[in-house]
Each structure stands twice: as structure tokens, then as C-alpha cells.
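Topology and contacts: notes
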Amino acid sequence: MPPVFAHGRLRLYLLKLLDEAPRHGYEVIRLLEERFQGLYAPSAGTVYPRLAKLEAEGLVTHATEGGRKVYSLTDAGREELAGRGGELADLEQEIRESVSELAAEIRDDVRGAAGKLRHEMRAAASETRTAAGPAGASVFDDAKEELRRAKQEWKEQTRRAKDESRRAREDAKAARLQAKEAQEKARQEVQRIARQVQDHFARGDWPAGLGSLLGTIPAKPQAAPPTDWPAPSGDPARDLDRLLDRFRDTVRDAARDHGVTESQLTEARSRLAATAEDLKRLLGEG
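Residues numbered from 1 in each chain as written. Predicted model: local features only at pLDDT ≥ 70, side-chain atom pairs only at ≥ 80, totals over all residues. Heavy atoms only, no water.

**Side note on the pattern of salt bridges**
A side chain of one charge can pair with a side chain of the opposite charge if their charged atoms are brought near each other. Inclusion rule: A pairing counts as a salt bridge when a side-chain nitrogen of Lys or Arg comes within 4 Å of a carboxyl oxygen of Asp or Glu. Elements are defined by DSSP. Helices are runs of H or I of four residues or more, strands are runs of E of two residues or more, and each kind is numbered from the N terminus.
Tallied over the full model, the rule gives 20 salt bridges. Glu-57 is the partner of Arg-11 in a salt bridge, and the nearest nitrogen-oxygen pair spans 2.5 Å. Taken together, the positions of Arg-11 in helix H1 (residues 9–20) and Glu-57 in the loop between helix H3 (44–56) and strand S2 (60–65) put the pair 46 residues apart, joining distant regions of the chain. One salt bridge connects Arg-281 with Asp-278, and the closest N-O pair in it is separated by 2.4 Å. Taken together, the residues span about one helical turn, with Arg-281 and Asp-278 both in helix H9 (residues 262–284) at a distance of 3 residues. Here the salt bridges do not stand alone but share partners, grouping Arg-11, Lys-53, Glu-57, Glu-80, Arg-84 and Glu-87 into one network.

**Considering the nonpolar core**
In summary, soluble globular proteins display a tendency toward joint burial of nonpolar side chains. This is how the line gets drawn: Residues belong to one nonpolar core when they are buried, are Ala, Val, Leu, Ile, Met, Phe, Trp, Tyr or Cys, and are joined through side-chain atoms within 4.5 Å. Relative accessibility under 20% of the residue-type maximum defines a buried residue, over 50% an exposed one, and the middle range a partly exposed one, all with a 1.4 Å probe and only protein chains included.
Grouped together as the largest cluster of nonpolar side chains are 28 residues, with contacts concentrated most on Leu-15, Leu-18, Val-28, Leu-32 and Val-60. Elements with a minimum of two residues in this core: H1, helix H2 (25–35), H3, strand S3 (68–73) and helix H5 (85–132). The greatest single-element share of this core, amounting to 7 residues, is contributed by H1.

**Details of the pairing of S2**
The test is simple: A strand pair is defined by DSSP finding two or more bridges across the two strands.
With 6 bridges connecting them, S2 and S3 associate as antiparallel partners. Bridging across to S3, His-62 finds its partner in Tyr-71. Here S2 folds back onto S3 in antiparallel fashion, the turn holding 2 residues, of which Gly-66 has a positive phi close to 60 degrees.

**Comments concerning a nonpolar patch on the surface**
As a reminder of what qualifies: Within the patch definition used here, like charges are joined within 9 Å and nonpolar side chains (Val, Leu, Ile, Met, Phe, Trp, Tyr) within 5 Å, considering only residues with over 30% relative accessible area and no salt bridge. Method for areas: the Shrake-Rupley scheme with a 1.4 Å probe, in which residue coverage is limited to the protein chains shown.
On the surface, a cluster of nonpolar side chains totalling about 480 Å² of accessible area is made up of Leu-240, Leu-243, Leu-244, Leu-279, Leu-282 and Leu-283. Secondary-structure elements contributing two or more residues to the nonpolar patch are helix H8 (236–258) and H9. On the basis of relative accessibility, which here comes to 32%, the residue Leu-279 falls in the partly exposed class.

Interpretation note: all reported values are geometric properties and have no functional meaning in isolation.
Next up, the structure:
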């Protein structure tokens with residue numbers, strides 16, 4: 001039998017099922033069997049260890065209801081699932097192919113059995129008609145009915161496989177659409193922030209512009225503000241010179257302690273130039 005899930009794919013599909021709704025382990029097994037129209041049913045030894053591993057990774061949690069563990073997705077699990085929309089679409093394609101392969105294998109088995117049965121039926125009919133006369137007709141009719149049932153079963157299996165393949169294509173299409181929509185929303189948000197920053201800088205409000213820009217960067221633990229920088233003395237021009245001297249000394253100390261690479265120098269030049277322009281605009285407002 002061809003593999004239904006490639007390595008690691010069942011783990012991703014379990015996240016998808018739990019994202020749809022909280023479920024207990026047996027329900028997950030039954031739902032997988034339904035999704036494959038009875039062509040595939042994972043064992044408890046396949047599903048439960050993977051659910052336990054997902055829980056250990058913090059992607060899944062469980063609550064006990066009626067003596068059974070009901071698993072649900074955590075925020076970390078939803079985040080991972082959202083970030084793997086492309087893989088999920090590929091997985092739907094793999095499922096469709098697996099269903100098709102399983103259906104083909106069943107179809108070949110049924111065809112082989114039907115062919116063998118047809119051959120045996122003809123031989124039996126010939127023998128019974130010769131040996132038993134009219135009584136052989138009953139055996140012939142029984143064999144004919146068995147062949148009819150085999151054909152009907154094969155048709156039913158083929159129909160279910162086609163239905164599952166169609167649903168898999170629809171699910172894959174929906175997953176790709178969701179991934180595309182998420183990408184478009186992210187692009188629009190970046191453009192909105194960029195316009196906001198540009199507007200602040202155009203008005204000379206560089207602190208607000210930097211605030212808008214830094215607001216898009218994940219927050220990191222901040223050190224306490226320095227207490228040894230020069231305090232205001234009442235002479236703004238003199239205080240500005242002192243601040244610039246302190247800024248230069250701080251940068252030089254950092255370079256001396258940690259060294260400077262070519263790439264860091266290029267980035268520092270760009271940032272210093274931008275900061276100088278911002279300060280020029282700020283000082284020019286008066």
C-alpha cells in the first residue's frame with residue numbers, strides 16, 4: 001500500500017484538524033478515516049504518540065472531559081499553522097494523490113478478483129451443467145450474483161475516492177487562497193507603516209517617525225536609561241555640544257571594545273547620515 005502521509009506530514013495535518021475544533025484522540029482517528037472515505041484509518045499507536053509530542057512542544061494542550069483527553073490548539077500551534085500555509089496546501093495535494101493511489105490499488109485488486117471469479121464461474125458453470133444438468137443452473141446463478149456484488153463494490157469504492165479527491169482539491173485551493181490573503185494583508189500593513197513614517201519625516205517630526213518605525217519591530221528588553229549623560233545647564237547650545245561629545249565617546253568606546261566590520265561601518269554611516277538630516281530639520285524648525 002502506498003504511504004498516505006510523507007514524513008512529518010501527519011503532524012501538520014493533526015494541527016489542521018485541531019484548528020478546526022477541539023477533539024479527543026478517537027475522534028481524530030475517526031475523522032481521518034472519514035476524510036479518506038474509509039480507504040485509510042490510522043491506528044491509536046500512530047495518532048496518540050504524535051498528539052503527546054505536539055503537547056510536549058507546546059503546540060497542543062488538553063482538557064479532560066468525561067474521562068477522555070480533549071486536545072485543542074495553543075496560540076503557538078496556531079502561529080505555526082499560519083506560517084506553514086504553503087506546506088498545508090502541498091499536504092492537501094499529497095492527500096489527494098494518496099487517495100487516488102489507494103483507490104487505484106483497490107480498483108486493481110477488485111478487477112483482479114473479478115477476473116479470477118469470472119474465469120472460475122465459467123469453469124464451474126461448464127462443469128455443473130455437464131455433471132448436474134438443470135441443478136447446475138443454481139450454482140451458476142450464485143456465482144453470477146457474487147460477481148455482480150463485486151462489481152458494485154468496486155464502483156462504490158471508485159465513487160468515494162473521486163469524491164475525496166474533489167474535496168482535497170477544494171481544501172488545497174482554499175488553503176492557497178488563505179495564504180495569499182495573509183501575504184496581501186502583510187504587504188498592505190508594511191505599505192501603511194511606510195507611508196506613516198514618510199509623512200512624519202516630511203513634516204520634520206522625526207521622533208514620531210522613528211516611533212512609528214520602531215513600533216513595527218518586536219519589542220526587546222530595554223536597559224535602564226543612562227544616568228551619567230550631561231544634564232541640562234540652562235545653556236541649550238552648550239548642552240547640545242556636550243551631548244554630541246558624549247554621543248561620540250559612547251560610539252568610540254563601543255567600537256574599541258567590540259571592533260568594527262566593513263558591513264557595520266556601512267550601516268553606521270547610513271544611520272548617522274539619516275540622523276544628521278533629522279537633527280538638521282529639527283534644529284531648523286526654530
